[in-house]
Amino acid sequence: MRAGLAVFAVTAGAALLPVSAQADGVVNVYSQRQPFLIQPLLDAFTEETGIQTEVLHLDEGLPERIAAEGENSPADVILTVDIGRLVAVVDAGVTQPVENDVIYEAIPSQYRDPEGHWFGVTTRGRVIYASKERVEQDTITYEELADPKWKGKVCMRSGQHQYNIALFASMIAHHGEEQAEEWMKGLKENLARKPGGNDRGQAQAIYAGECDLGLGNTYYVGLMMNNNEEPEQQEWADAIKVLFPNSEDRGTHVNISGMALAKNAPNKENALKLMEFLTSAEAQAIYAEENYEYPVLPGAAVSETVQSFGEIKPDTLPLADVAKYRKAASEMVDRVGLDDGPAS
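Calculation rules
Residues numbered from 1 in each chain as written. Predicted model: local features only at pLDDT ≥ 70, side-chain atom pairs only at ≥ 80, totals over all residues. Heavy atoms only, no water. Phe/Tyr/Trp six-rings, centres within 6.5 Å; stacked < 30°, edge-to-face > 60°. Helix = DSSP H or I, 4+ residues; strand = E, 2+ residues; numbered from the N terminus. Buried < 20%, exposed > 50% of the residue type's maximum accessible area, 1.4 Å probe, protein only. Core = buried A, V, L, I, M, F, W, Y, C linked by side-chain atoms within 4.5 Å. Contact = heavy atoms within 4.5 Å. Polar contact = N/O pair within 3.5 Å; in protein donor to acceptor, adjacent residues only side chain to side chain. Disulfide = S-S within 2.5 Å. Salt bridge = Lys/Arg side-chain N within 4 Å of Asp/Glu carboxyl O.

**Q** Looking at this structure, how should I read the packing of aromatic side chains?
**A** The description of two aromatic rings rests on the distance between their centres and on the angle between their planes. Tallying each qualifying case throughout the model produces 4 aromatic pairs. A centroid spacing of 5.5 Å and a plane angle of 80° characterise the contact between Tyr104 and Phe119, whose relative ring orientation is edge-to-face. Here the residue Tyr104 occupies a position in helix α4 (residues 101–106), and Phe119 occupies one in strand β6 (residues 119–131), the gap between them amounting to 15 residues. Residue Phe119 is classed as buried on the basis of its relative accessible area of 0%.

In structure tokens, the structure reads:
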């Protein structure tokens, strides 16, 4: 374990291991991000500031945990992924607004809460993985996924997964609920199989010839390309090309990993220092190189791996607007029966 980082991984309902409720030079992080993804960042923060970091990692139940701890919660900073999870911690009443010029100047308005409760620290595109061998075209739109020419050719993970719900919410925001539902029906009919697996699994299915197109996040491509422990994933990545949907009009839907200040942060000053650091050029460079994500800091460089995918034109629709339609998107998935797979 590297200096400056103590990680406590627990599941929902498990006993909380000791975390310093308040101490000089400490910041307590509650995270839904995997420890290996944030460890390099926290190491760099400790090296620069001398402030120690203690991390509690929870896959599920993070808002509920903090709410149950109440005023005595040791949580200072909350780190999570997806606009839905960020909104969930705000809705649970376990965050407080931040007024900080450094953070506001670093993060474009579309990637932060208008009320200052959450802030994006990286972005990832929800793109289309396409077979290099069987798909000739190099441009596509999300709308085209419902074109009958792709019947039996599309793979995806569950429509109820948070990454897809955010995409579907953006479709509702752009087209209205009625038109978005007709599109989703077309998408359902074009599926090659019942939705399942994860984003890497869609690349694997394309490699295996089970489908020609798959929905996935950009950073998974980088993780597969550089996975030396499971070299078969390099073969999956080599079988696909990344298509950035709607590059010629509104742009590609992006989601975020993000942060929030806990409502009862006992080390608020240190928490704000960490939040400032995560928006700095140094931290954004670490995110880009280690996690294959896009920095939110304007002008920050992306990794060479991510550059190899091509240029992304992000949809400028504020994620706060996307979040408004997540419930409608989830209900639509059930109403259409998307997760049942194609009708025939």
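**Q** For this particular structure, what's the right way to read the nonpolar core?
**A** Proteins that are soluble and globular tend to have nonpolar side chains buried together. Grouped together as the largest cluster of nonpolar side chains are 93 residues, with contacts concentrated most on Phe168, Leu213, Met259 and Leu278. Sorting elements by how many residues they give to this core places helix α5 (residues 162–175) first, with 8 residues. Ignoring any residue separated from it by four or fewer positions in sequence, one finds Met259 in contact with Ile78, Leu79, Leu86, Ile103, Ile107, His117, Trp118, Phe119, Val121, Met275, Leu278 and Thr279.

**Q** Honestly, the environment of Ala106 in this entry has me stumped. Any pointers?
**A** Tracing the sequence through the fold places Ala106 in helix α4. Taking C-alpha positions, Ala106 is 9.9 Å from Leu278, a pair spaced 172 residues apart along the chain.

**Q** Is there a simple way to think about the side chain of Gln96 in this case?
**A** Looking at the secondary structure, you find Gln96 in strand β5 (residues 95–96). Of note is the side chain of Gln96, whose polar atom sits 2.8 Å from the backbone oxygen of Ala262. A polar contact is formed between the side chain of Gln96 and the side chain of Lys268, at a distance of 3.2 Å. When neighbours within four sequence positions are excluded, Gln96 is seen to be in contact with Gly116, His117, Leu261, Ala262, Lys263, Asn264, Ala265 and Lys268.

**Q** Just to check I follow, could you spell out the state of the cysteines for this structure?
**A** Put plainly, a disulfide is one covalent bond tying together the sulfur atoms of two cysteines. Going through the model one piece at a time under the given rule, you end up with 1 disulfide. Cys155 shares a disulfide with Cys211; S-S distance 2.1 Å. Between Cys155 and Cys211, the S-S torsion sits near -120°, and that sign places the bridge as left-handed. Residue Cys155 is found in strand β7 (residues 154–155), and its partner Cys211 is found in the loop between α7 (199–207) and β8 (213–217); the two are separated by 56 residues along the sequence. Here the two residues Cys155 and Cys211 agree in accessibility, since each one is buried.

**Q** Is there a simple way to explain the pattern of salt bridges in this structure?
**A** Overall, the coordinates contain 21 salt bridges when judged by the stated rule. Asp238 is the partner of Lys132 in a salt bridge, and the nearest nitrogen-oxygen pair spans 3.6 Å. Taken together, the positions of Lys132 in the loop between β6 and β7 and Asp238 in helix α9 (residues 232–238) put the pair 106 residues apart, joining distant regions of the chain. Judged by relative accessible area, which is 45%, Lys132 ranks as partly exposed. Classification of Asp238 by relative accessible area gives exposed; the value is 54%. It is possible to trace a salt-bridge network through shared partners that takes in Arg33, Arg124 and Glu293.

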